[in-house]
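Listed below are the residues making up each chain.
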Amino acid sequence: MSRFTPLLLLLAACASDARVEGSLQEAREGVLAVRWGPAGSGLVHGEGEALGERYVIDVEGAPPPAAFHQGVAVGEIVLTGPGTTVRLGAPLDDVRGVASGVALVQREEIVGADASWAAEFPVGLSCAVQDSEGWALADCASLEPLAFQ
């Protein structure tokens, strides 16, 4: 092992951090969370803010291992009330909506047969839009404006 290996590992960990930002369909105020796993009931990992007509979401590192199914985790963007505390493993309070038709997708190197739809996604974090087949790769800028149902 060279003396540069720890540095390379640190750089790889930093590269998995991501920020998604853009505009909202209508002005909103509140805390955003990314809920990974089955729609409506996953693990929270990732947090942001809706402020007027703009939003920002930060995701640091990969979601928890329990969020993955056959090498893929799908995260829904949830709007909660202002001042809501987002904690991993705790249910979200004051849910005011879920972004419709968009998601974040975290893909591992190897995906199982049930997750073959994710083959078009690069390893790591990507944005997705819903289509007739499920989820399709999208440029994160094309997620806007976000609308919450």
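Now for a description of the structure that goes with this document.

Quick notes on the rules
- Just so you know, the residues in each chain are numbered from 1, in the order the chain's sequence is written.
- Side-chain atom pairs in this predicted model are given and counted only at pLDDT of 80 or more, local residue features only at pLDDT of at least 70, and totals for whole chains, interfaces and linings cover all residues.
- To obtain the side-chain values, all non-hydrogen atoms of the structure were included, while hydrogens and water were left out.
- The numbering of helices and of strands both runs from the N terminus, where a helix is a DSSP run of H or I of at least 4 residues and a strand a run of E of at least 2.
- Contacts: residue pairs with any heavy atoms within 4.5 Å of one another.
- All accessible-area figures derive from a Shrake-Rupley calculation using a 1.4 Å probe, and residue coverage is judged against the displayed protein chains alone.
- Residue burial is assigned from relative accessible area. The probe radius is 1.4 Å, only protein chains are included, and a residue is buried under 20% of its type maximum, exposed over 50%, and partly exposed in between.
- Any Phe, Tyr or Trp ring, taking Trp's six-membered ring, that has another such ring centre within 6.5 Å forms a pair; planes under 30 degrees apart are called stacked, those over 60 apart edge-to-face, and the others tilted.
- Salt bridge, as used here, is a side-chain nitrogen of Lys or Arg placed within 4 Å of a carboxyl oxygen of Asp or Glu.

## Details of the overall build of the protein chain
Inference 1: Scanning the protein chain from terminus to terminus reveals one helix and seven strands.
Inference 2: Starting at the N terminus and walking to the C terminus, you meet the elements of the protein chain as α-β-β-β-β-β-β-β.
Inference 3: The contacts of the protein chain with a sequence gap of at least 6 include a subset with a gap of at least 24, amounting to 60%.
Inference 4: Only carbon and sulfur atoms are counted for the fraction: they give 54% of the accessible area of the protein chain, which is about 8,100 Å².

## Re the environment of V105
Inference 1: Residue placement: V105 occurs in strand 5 (residues 102-107).
Inference 2: The exposure class assigned to V105 is buried, which follows from its relative accessible area of 0%.
Inference 3: Along the sequence, V105 and W36 sit 69 residues apart, while their C-alpha atoms lie 8.9 Å from each other.
Inference 4: When neighbours within four sequence positions are excluded, V105 is seen to be in contact with W36, V72, A73, V74, W117, F121, G124, L125, S126 and A128.

## Thoughts on the packing of aromatic side chains
Centre-to-centre distance and the angle between the planes together describe a pair of aromatic rings.
Inference 1: Using the criterion set out here, one finds one aromatic pair in the structure.
Inference 2: Measuring from centroid to centroid gives 5.7 Å for W117 and F121, while their planes differ by 85°, and the two rings are edge-to-face.
Inference 3: You can call F121 buried: its relative accessible area is 1%.

## Considering the side chain of Q106
Inference 1: Mapped onto the elements, Q106 comes out in strand 5.
Inference 2: Accessibility expressed as a relative area gives 8% for Q106, which makes it buried.
Inference 3: The residues touching Q106, leaving out its near neighbours within four places in the chain, are W36, A62, P63, F68, G71, V72, A73, G124 and L125.

## Quick word on the pattern of salt bridges
In a structure, side chains of opposite charge can pair up when their charged atoms sit close to one another.
Inference 1: Counted by the stated rule, this structure contains four salt bridges.
Inference 2: A salt bridge links E26 to R28, with the nearest nitrogen and oxygen atoms 3.4 Å apart.
Inference 3: Assessed through its relative accessible area of 46%, E26 is described here as partly exposed.

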